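# Breakdown of the fold
Here is how the chains run, residue by residue.
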Amino acid sequence: MPTTPQADRDARMVGEVIDWFATEARDLPWRRSDCSPWGVLVSEVMLQQTPVVRVEPVWREWMARWPTPAALAADEQADAVRAWGRLGYPRRAKRLWECAVALVERHRGSVPADEGTLLALPGIGAYTAAAVAAFAYGRRATVLDTNVRRVIGRAWEGRPLPALHQTVGEREHASSLVPDDASRAVAWAAGSMELGALVCTARVPRCDECPLAADCRWLAEGATGLEQAPRKVQPWHGTDRQVRGRIMALLRAAHVPVTVTGHASLEDVEPGQLDSCLESLVEDGLVRLVDEERGAYAL
Ligand code: SF4
């Protein structure tokens, strides 16, 4: 097939990332050859909004306790939410439990390899389906997370940071970069994610250590625009997210229903905010009101 200078350049840059990954990849338990597809799936869900250092110990606990979807499905949803610990966004624990149940009911407890079948499972979006197909089954897939979007955006398109939402054009471009060979496609997926996580980081990219430095369009054009980019503000103290987290921590630690309103550990929270946070946790299916009279809740 005839090639173009751009296609040659793309292939060279992709190859540089693959070679870099071969020597620089972190040794993570879900990357080892003995990790099951279920282990890969759990890691991908945990890693979506939480950094590796926090995920690893919890992932190890989960795998020891629930080595298969059937093991998790046999326990209660509350056990999964409790074991989520402080990973944040606990709806993910609920969805993982639901996913385990669906795997048992629809797939005899195994994790499917096909992206479309994975997508039909609870809590599995396009990213996770592609990641599981690639990393658990070695299939060719377009794995496009924030890190990969940032690397492609900078090195190929000269943009300091990716837009808030993925576009069809962006996805098509990312797909066009995926090597035809499945094992190289998987190495590119893992390598570009790793490069974004370790080198081409959001605020302070370490271009002098980057295998793409000689080809990077953003660097060649002066590496500007990062200072003006709005910072992702992560409000925390006093926010609903923080209050929800505190309620979850209280209920996780308790083994009997707890009267949340008026509880000493939450007395600084304004009652209206406490009520609305409780309500939203109930709506999300993370918390149950077990005794209306006492206002007692449990996971
Ligand atoms: S050279 Fe710098 S900006 Fe470009 S891809 Fe590498 S780390 Fe990112």
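Within any chain, residue numbers begin from 1 and follow the written order of that chain's sequence. A pLDDT threshold of at least 70 governs which residues receive local features in this predicted model, and a stricter bar of 80 or more applies before side-chain atom pairs are shown or counted, although totals over entire chains, interfaces and linings include all residues. Side-chain figures throughout are based on the complete set of non-hydrogen atoms in the structure, without hydrogens or water.

### Section: the confidence of the model for the protein chain
The following threshold applies: In predicted models, pLDDT denotes the confidence assigned by the predictor to each residue on a 0 to 100 scale. Numbering of helices and strands runs from the N terminus, with a helix taken as a DSSP run of H or I at least four residues long and a strand as a DSSP run of E at least two residues long.
Taken as a whole, the protein chain shows an average pLDDT of 93; of its residues, 97% reach a score of 70 or greater. When mean pLDDT is taken per element in the protein chain, helix α4 (residues 69-74) scores highest with 98 and helix α14 (residues 271-283) scores lowest with 88.

### A look at the nonpolar core
Here is the rule: Throughout, nonpolar core names a set of buried Ala, Val, Leu, Ile, Met, Phe, Trp, Tyr and Cys residues whose side chains join them through atoms within 4.5 Å. Buried means the residue's accessible area, taken with a 1.4 Å probe over protein chains only, is under 20% of the maximum for its type, while exposed means over 50%, and partly exposed covers the values in between. Here, two residues are considered to be in contact whenever any of their heavy atoms come within 4.5 Å of each other.
Of all hydrophobic cores here, the largest spans 55 residues; its most connected members are W38, L41, M46, W62 and I247. Contributions of two or more residues to this core are made by α2 (37-47), α3 (52-65), α5 (77-83), α6 (91-107), α8 (126-137), α13 (240-253) and α14. Per-element accounting of this core gives the leading share, seven residues, to α6. Apart from the residues within four sequence positions on either side, L41 is in contact with L96, C99, V111, I124 and V132. Ranked by size, the runner-up nonpolar core spans 36 residues in total, among them V14, A130, W156 and V199.

### A look at the pairing of strand β2 (residues 288-291)
So the rule is basically this: At least two DSSP bridges between two strands are required for those strands to pair.
Pairing geometry for β2 and strand β3 (residues 296-298), over three bridges, is antiparallel. Bridge pairing in β3 places D291 opposite A296. Hairpin connection from β2 to β3: four residues lie between these consecutive antiparallel strands, with G295 at a positive phi of about 60 degrees.

### Some words on empty space enclosed by the protein
Defined as follows: We place a 1 Å grid over just the protein atoms. Points where a 1.4 Å probe fits but has no way out form a cavity, open points with protein on both sides within 12 Å along at least 5 of 7 lines form a pocket, and any residue with an atom within 4 Å of a point lines it. Grid points are joined across faces, edges and corners, and a volume is the space filled by probe spheres set on the points. We call Asp, Glu, Lys and Arg charged. Ala, Val, Leu, Ile, Met, Phe, Trp, Tyr, Cys and Pro are nonpolar, and the rest, Gly among them, are polar.
Here the structure, examined in full by the defined rule, presents two cavities of 30 Å³ or more. There is about 90 Å³ of room inside the largest cavity. Contributions of two or more residues to the lining of the largest cavity are made by α9 (146-155) and α12 (217-220). With three residues, α9 is the largest single contributor of residues to the lining of the largest cavity. Considered class by class, the residues forming the lining of the largest cavity number 13 nonpolar, no polar and one charged. Looking at the second largest cavity, its volume works out to about 60 Å³. Considering the residues around the second largest cavity, the lining is formed by A141, T142, V143, L144, V148, I152, A174, V178, W188, A189 and S192. Elements that contribute at least two residues to the lining of the second largest cavity include exactly α9 and α11 (182-198).

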